[in-house]
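Reading the structure
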Amino acid sequence: MPRESFDHKEIERSAQEKWEKLDLYATDLTDDSKEKYYLLFEFPYPSGDLHIGHWYAFALTDIYARKLRMAGKNVLFPMGFDAFGLPAENAAIKNGVDPKKWTYENMERMRTQMRTMGASMDWSKEVVTCDPGYYKWTQWLFAKLFEHGLAERKNAAVKWCPFDKTVLANEQVIDGHCERCGHEVEEKNLTQWFLKITQYAERLLKDLEPLPWREDIKDAQRAWIGESEGAKLVFMAHTGEEDAPVPLEVFTTRPDTVFGATYLVLAPEHPMVDVLIQDALNPEAIRAYQRETGKKTERERSENKEKTGVALEGITATNPATKEEVPVYLADYVLASYGTGAVMAVPAHDERDFEFAQRYQLPIKDVIEPVFVRTIGTDAVRPEEPMVERQAVVAIVKHWGEDKYLCLRWKSNDWTGFVIGGIEEGEEPSVTGAREITEETGYKNPRFVRDMGVPTHSQFYHEVKRQNRFAHFTPLYYELADGEREEPSAEELAIHDIEWVAKEDMDAYLSRDNDIAYIWKRFVAPAFPYTGDGILANSDSFDGRSNREAMTELIAYAGGEAVKQYRLRDWLVSRQRYWGCPIPIVYDPEGNAHLVPNDHLPWLLPEDVDFTPGAAGVGTSPLSTSRELKERVERIFGAGWTPEYDTLDTFVDSSWYYLRYVDPADAHDFSDQGLLKKWMPVDRYSGGSEHTTMHLLYARFFNKALYDLALVPTSEPFNERYNRGVILGPDGAKMSKSKGNVINPDEVVSKFGSDAVRMYLAFIGPYNETGSYPWNLDGAFAMRKFLDRVYTLFEGTATEKSNPEVLRALAVAIDKVTADTDRFKFNTALSALMVLVRDLESHAQLAPDAKRTLLALLAPFAPHLAEHLWEKMGEEGSVHQMVWPEADPALLSASEIVIGVQVNGKKRGEVRLSLTASEDEALMEARKVPAIALLLGETAPARVVYVPGRILNIVTQG
RNA sequence: GGGUAUGUGGCGGAAUUGGUAUACGCGUACGCCUCAGAAGCGUAUGGAGCAAUCCUUGGAGGUUCGAGUCCUCUCAUACCCACCA
């Protein structure tokens, strides 16, 4: 059948006009006759042009919005702009354009482009964060947080470019240099505003649990919050003089190793350094180290793998467990911003401390003896059986001539290792080793060289003895004097083979991550930290106990306190930027911060600002160049009062926009309580994976804080969260202007039509997974071909009713399209539509009922064409007001089905069976298939597995 | 270095609870149509083999009547965090 084509431009124009006239998409938020559904996508930054990524974000969510409306939901599907931000200011600096003008013009252009998309967004709820009507309430909410102690001022470092004389955002610092002029960046300490998100760390973590989010999204948030359980311990620092000792508090996750803490390390910025330095013998060296590290950014410090530090000479601190005096160091591997900014160093059991101790020759004291518990395999500990403790030796034995070592391979389980033997009552371990070497391998002249120190312990199931073993190994080293050997007993030979293994082959030879491999590693590299669990040693009365089990008692013994620590820092919201929401704070002549009273909100962003780099003072914001702002403050508050010059991080604006959508024009409140109660939480929030941590966490924090102030009805803002993938350039690389692989959607839309483009994006892969998909023009063309086929299907109309085959094909498609669209699996929904269209094409002409059903299914995916065909059929109203079809279950279940027949698990044919067929009937049918009959022969099958409607598997052997 | 995710044809991908692997689409080949090309239409298309048949979901084991799917190990790629004590 030849394919008709249609004029997509004309169809799009007329459909869009019609929708506007019918005002289809403005949601009546007060309509209670339908169930509410709040479908949210991340609002865009008005960067200028609508790109293919925007299409991917908006048009595909739109598919679901349309489907939901047809399914009878009252859908809120709003749109807005995250309109404050750095690019507007950069344009101002570069081209002298007013940031406001630049932003509003961009928004207007994007609105126009978005209309061509034909998306059903509700523009009447539009929110623009740089609009005073919006940021008035950003300021009001900031004030609420301030009043409740959730906003505070603290010192914090900013990146500063000494050439441009301007504060840089983190993303403007490339490799420690200013992205604009290439000069080296410095850090400056400024007093800045913080929101105390850390107070919510525990709840942000705990409330994640019941959310129906994908586990990887939750994991990313958990990692960002970074909870560690540990203890705070106090080491008293002494100066050697008569002075009172100074307490130094440390945070550690391993208080069980406190007996091994052989020195103390403070961050260079630690506030106590100023006190301690007065009594230190080397104040110049200490100051020099502070200056040196102060120049470096945190990133540069971490890039430098080599650990550096300086001793506070003449100062010691008392280990609260051992009561011994330990030296105190400054080192930049300790971060001032985490924990207490000070750590107790346990070089034997921490890799960083170990490295530092090696470099500065500090004592290393083992306090944990490793315990290896086998948990997998046939020798895994069997909890139901008793544990038998044994003292034993492990003997590493060197060859008399070569650099090879004596190994045993156990025949029962292919286990590889060294000679091992139980210590007899009253026997010297070295004697045990020598005896076992001779007994097990026959070598007669082992010479004991040394005991390798730290004992290790193993728990495993002894398969031969049939009991759990807790073996305490003493690792010993022997060398064979010569090769003199007698044949070991037959009993020994039956258990294992003897093998000589070269040093360099040993790692591959030994099974990984077990006790034997550890002992070998210790033998070849005698000093390295052990960070795992084990048995306490060198720890007074705690010796011999499990480190985990004794943890709480050890904390108490050391006079400490168990605490939880978070990696999450308080949220620094001050930005030394112009194009952002002004912080509604003024300072009295004494420098105390006061909120700008509500009746002066919105606290307007001044317009007489000089953007020239360096125009503002050192380390301050462009707002300080505004005369109007200063005058405004003095006029309202009095002489000597000064404004806050910083603006808010744009993440603050976007932390509450979903609350404003419900009541965007409200001049008396940030939103309407009644509507919030009805509409929150957001039912499904779709966005980019790059916002998994920061934006999503900030918004959750904001919502929780407002919940505690009884300003919002739910403690979590978002129910479902879907992360989307990215569209790559045709070359498979990330789209970027410099690579020249950016796709301009306008061109493709004008060529194939808006419907074809959105369908291509829907078809490219699963939407709710964060894959990345290369753009392919052939795909958009293919979608247009498909739409032409649909168009052709509507050419004629049958007068008789649809036949059962058509009805069944429709039912199957309804079922699949519905389920897949609900899960955002638009690709498979479309595949079901294509199968349906192919089936329908085999029938001469379609009855009106079949056409209507097909149009309903098509409407969310190809809204313009569906509307056009609807009109062509002579139907009233809009196709988008149709009721979403439901599949008749009776049509879905076929009475007969083709199932595969397997012989011994391999598919050998297929049979058509009724769903209610018995096993005997199935077997009878299967025997009619020649290939199967041949394989089965005359014998009765040993076993038959028959799952009706799925599979028949005939097993012929046992 | 740590965490998370993903590995299925030439390509994007499909496969409810373990139950006919490769749906749908692209690309490719051949044919039809055409003066010719484009478009369109039709057929084929995981690999090997003339065939019967055998092999195939990154690799190696395992559990099972049956594994893309579950378990163990291993390799590769992507993203995020990276001295967090």
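See the structure printed just above.
As a starting point, this report considers the structure included with it. (Residues numbered from 1 in each chain as written. Chains lettered and ligands numbered in written order. Predicted model: local features only at pLDDT ≥ 70, side-chain atom pairs only at ≥ 80, totals over all residues. Heavy atoms only, no water.)

Before going further, it helps to examine the overall build of chain A. Scanning chain A from terminus to terminus reveals 31 helices and 41 strands. If one aligns the C-alpha atoms of chain A with their principal axes, the spans along those axes are about 110 × 105 × 50 Å. When each of the 958 residues of chain A is scored for burial, the buried share is 53%. Across chain A, the fraction of contacts at a sequence separation of at least 24, relative to all contacts at a separation of at least 6, is 74%. Surface accessibility of chain A: about 43100 Å² in total, with carbon and sulfur atoms responsible for 50%. (Helix = DSSP H or I, 4+ residues; strand = E, 2+ residues; numbered from the N terminus. Buried < 20%, exposed > 50% of the residue type's maximum accessible area, 1.4 Å probe, protein only. Contact = heavy atoms within 4.5 Å. Areas by Shrake-Rupley, 256 points an atom, 1.4 Å probe, with all protein chains shown as cover.)

What follows is about the pairing of strand 11 (residues 246-252). Each regular strand shows side chains that alternate between the opposite faces of the sheet. Of all the 7 residues making up strand 11, 5 are buried; the element is thus mostly covered by neighbouring parts of the structure. Relative to strand 11, strand 10 (residues 227-238) runs antiparallel, the two being bridged by 7 bridges. Bridging from a neighbouring strand, Met 236 pairs with Pro 247 of strand 11. (Pairing = 2+ DSSP bridges.)

In the vicinity of RNA strand B lie 54 residues, with Thr 253, Lys 307, Arg 352, Ile 764 and Arg 950 positioned nearest. Of everything in RNA strand B that lies within 4 Å of the protein, sugar and phosphate atoms constitute 66%. Between RNA strand B and Arg 838, the relevant distance is 2.6 Å, taken from a phosphate oxygen to a side-chain nitrogen or oxygen of the residue. Taking Arg 943, its side chain carries an N or O atom lying 3.0 Å from a phosphate oxygen of RNA strand B. Counting residues per element, the surface near RNA strand B draws most heavily on helix 26 (residues 826-841), which supplies 6 residues. The residue makeup of the surface near RNA strand B, split by class, is 21 nonpolar, 13 polar and 20 charged. (Near = heavy atom within 4 Å. Polar contact = N/O pair within 3.5 Å; in protein donor to acceptor, adjacent residues only side chain to side chain. Nonpolar A, V, L, I, M, F, W, Y, C, P; charged D, E, K, R; others polar.)

For the rest of this paragraph, the subject is the pattern of salt bridges. A complete count under the given rule lists 63 salt bridges for this structure. One salt bridge in this structure joins Lys 564 and Glu 227, with 3.9 Å as the shortest N-O distance. Here Lys 564 is found in strand 26 (residues 561-566), whereas its partner Glu 227 is found in strand 10, with 337 residues between them in sequence. Judged by its relative accessible area of 39%, Lys 564 falls in the partly exposed class. One salt-bridge network, held together by shared partners, links Glu 209, Glu 215, Lys 218, Asp 219 and Arg 222. (Salt bridge = Lys/Arg side-chain N within 4 Å of Asp/Glu carboxyl O.)

It is worth spelling out helix 15 (residues 515-524) at this point. Buried residues dominate helix 15, accounting for 7 of its 10 residues. Listed as buried for helix 15 are Asp 515, Ile 516, Tyr 518, Ile 519, Trp 520, Arg 522 and Phe 523.

Pairing is antiparallel in the open sheet, where 3 strands are placed in the order 31-30-32. Looking along the sheet, the strands with just one partner apiece sit at the ends: strand 31 (593-595) and strand 32 (642-643).

A pair of packed helices is captured by two measures, namely the crossing angle of their axes and the spacing between those axes. With their axes 11 Å apart at the nearest point, helix 24 (residues 777-793) and helix 28 (residues 863-872) run at an angle of 10° to one another. Considered as vectors, helix 24 and helix 28 are oriented roughly parallel to each other. Counting all contacts with helix 24, which are made through Leu 787, Val 790 and Tyr 791, the residues of helix 28 involved are Leu 865, His 868, Leu 869 and Lys 872. For the contact of helix 24 with helix 28, a count of residues per class yields 5 nonpolar, 1 polar and 1 charged. (Axes fitted to C-alpha atoms, helices over the stretch in contact; angles between N-to-C directions. Parallel < 35°, antiparallel > 145°, perpendicular 65-115°, else oblique.)

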